[in-house]
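# Notes for the structure review
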Amino acid sequence: MWAIVKNHKLHGSTSQEVDTINSNEFYQQHQLSEDDEIDLAELWHAIWAGKLLIIAISTLFTISSIIYAVNQPDIYKATILLAPASEQGGAGGLAKMAGQFGGLASLAGINLGSSGTDKTGLALEILKSRFFIEQFINKHQLLVPLMAAKNWDVNTKKLILNDEVYNEKTQTWLGEGNTSKSSEPSAWQSYKAFKAALSVDKSAETGMITLTIEHYSPEVATQWLVWLVSDINVTMREQDKAEAQRSIDYLSKKLQETQLADMQTVFYQLIEQQTKTIMLAEVSQEYVLKTIDPANAPEEKAKPNRALIVILSTMLGGILSVLIVLIRYFTNNGKFTKSNKENLA
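As the structure is a computational prediction, the values presented were derived from the model and not from experiment.

This part is about the side chain of H140. Tracing the sequence through the fold places H140 in helix α7 (residues 130-140). Side chain to side chain, H140 and D231 meet in a polar contact 2.8 Å long. Filtering out sequence-adjacent residues up to four positions away, H140 remains in contact with W227 and D231.

Take a look at the structure:
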């Protein structure tokens, strides 16, 4: 259609008018091709023209990030290195006896099992369990330093509490809006907070275990690690003692019921093995996890990385400001180009 109209115009126009039409068409096509191209010089010109805006936005981001980074409290990371304690007696001895007397004991209706239990893996799973952590928090009264702490005073070695959450004078939890209504964190909330601060890592190559706790106070984090290792050893020791005592009671009952000399020999040896388990549990302080490198209060913070926060924020501000300048430049340039096209038409 445009071609028909153009030919009609050409046939009904003078040579001068034809030259003018062709010149306008060439200019419009050339202008469109230039609009589609991205000129680096034009980009640099646009950025340079908006340099004040770029500097202003980048400076704003930098100052804001500095204020934010300075106001962030230091977080300290305490670690302790553990090794699985050598398993003596207990499940290991019982598993050994199962290979010798398993068939004979099964005739009496007793299952000795076929293998020992991985006490280290079991202890680590118990340590991370909700039941153990909730008991741990209640036993050592960790709710306030866990849920109400907001900073650590290095000079006085005192934990700073959030007065909007906990009233230290009255020792009461505050509700929303600092009201008198108690708003003590639930057991589930305290479990999640402690689980977030705790890290358990077991090396696949060496079998060594690293426990880590992050907290505002390096001394609090260190003390929690010491309590954790002690409590998990006590828990596993008491469980094995109780299980061994139940086994002794059961085997003693079976011993009275049988008249076979061979079965009585098996029962006596099993009772002896369980008695040894109780004795070893009584004398072993580090029953499952043995301390290789004890926890010490760290002197250097683990986070935040304030320099990195400022650098990344400044870069983000610079990128955002450049985008704003380019969008504004090309938006205005597009309007100007459209106005020129309308005038030419």
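Moving on, we get to the side chain of S190. Within the secondary structure, S190 is located in helix α9 (residues 187-197). For S190, a relative accessible area of 5% puts it in the buried group. If we skip the residues at most four places from it in the chain, S190 touches I137, L143, L146 and M147.

For the structure shown, the criterion picks out seven aromatic pairs. Between Y166 and W173, the aromatic rings sit 4.9 Å apart at their centres with planes inclined by 65 degrees, giving edge-to-face as the arrangement. Take Y166: its relative accessible area is 9%, and that puts it in the buried class. The interplanar angle of 40 degrees and the centroid separation of 5.8 Å between the aromatic rings of F194 and W224 together place this pair among those described as tilted. Of this pair, F194 sits in helix α9 while W224 sits in helix α10 (residues 218-257); the two residues are 30 residues apart in sequence, bridging distant segments of the chain. Each of the two residues, F194 as well as W224, counts as buried. Members of the aromatic cluster, joined through ring pairs, are F132, F136, F194 and W224. Here K51 stacks its cationic end above the ring of W48, 4.5 Å away from the centre of that ring.

A few words on the confidence of the model for the chain. Scored by pLDDT, the chain comes out at a mean of 79, with 74% of its residues at no less than 70. This stretch, residues 88-95, has a pLDDT under 50; its non-local contacts, to residues over four places away or in other chains, come to 15 contacts.

At a closest axis distance of 10 Å, the pairing of α7 and α9 adopts a crossing angle of 100 degrees. In terms of axis orientation, α7 runs roughly perpendicular to α9. Contacts between α7 and α9 involve R130, I133, E134, F136 and I137 on the former and, on the latter, A187, W188, S190, Y191, F194 and K195. Of the residues that constitute the contact of α7 with α9, the class distribution is seven nonpolar, one polar and three charged.

Strand order in the open sheet formed by four strands is β6-β7-β1-β8, with antiparallel pairing between adjacent strands. A single partner strand is all that each edge strand has here, and the edge strands are β6 (198-202) and β8 (289-293). Each neighbouring strand pair of the sheet contributes to a mean axis angle of 30 degrees, computed without reference to strand direction. Direction of pairing for β6 relative to strand β7 (residues 209-215): antiparallel, over a ladder of five bridges. Residue pairing for β7: V200 is matched across the bridge by L211. α9 contacts β6 and β7 of the sheet and is inclined by roughly 45 degrees relative to β6. Together, β1 (76-84), β6, β7 and β8 form the strand contacts of α10, whose direction differs from that of β7 by roughly 140 degrees.

Parameters and conventions
Here the residue numbers are simple positions, counted from 1 along each chain's written sequence. Restriction of local features to residues with pLDDT of at least 70 applies here, the model being predicted, together with a cutoff of 80 or more for giving and counting side-chain atom pairs; totals for whole chains, interfaces and linings are based on all residues. Each side-chain value is worked out from all heavy atoms of the structure, with water and hydrogens disregarded. Under the DSSP-based scheme used, a helix requires at least four consecutive residues in state H or I and a strand at least two consecutive residues in state E, with every element numbered from the N terminus. Contacts described as polar in this section are N or O atom pairs within 3.5 Å, which, within protein, must combine one atom able to donate a hydrogen with one able to accept it, while residues neighboring in sequence count only if both atoms come from side chains. Here a residue-residue contact requires only that any non-hydrogen atoms of the pair lie within 4.5 Å. We call a residue buried when its accessible area falls under 20% of the maximum for its residue type, exposed when it is over 50%, and partly exposed in between, using a 1.4 Å probe and counting protein chains only. Side-chain rings of Phe, Tyr and Trp (the six-membered ring for Trp) are treated as a pair once their centres are within 6.5 Å; stacked means planes under 30 degrees apart, edge-to-face means over 60, and tilted covers the remaining angles. Either the NZ atom of lysine or the CZ atom of arginine qualifies as a charge over a ring when it sits within 6 Å of the ring centre and within 35 degrees of the ring normal. pLDDT: the predictor's confidence for each residue, scored from 0 to 100. Comment: axis = line fitted to C-alpha atoms, over the contacting stretch for helices; angle = value between 0 and 180 degrees taken between N-to-C directions. Just so you know how the angles are binned, under 35 degrees is roughly parallel, over 145 roughly antiparallel, 65 to 115 roughly perpendicular, and the rest oblique. We call Asp, Glu, Lys and Arg charged. Ala, Val, Leu, Ile, Met, Phe, Trp, Tyr, Cys and Pro are nonpolar, and the rest, Gly among them, are polar. Paired strands, as defined in this entry, are two strands with at least two bridges between them according to DSSP.

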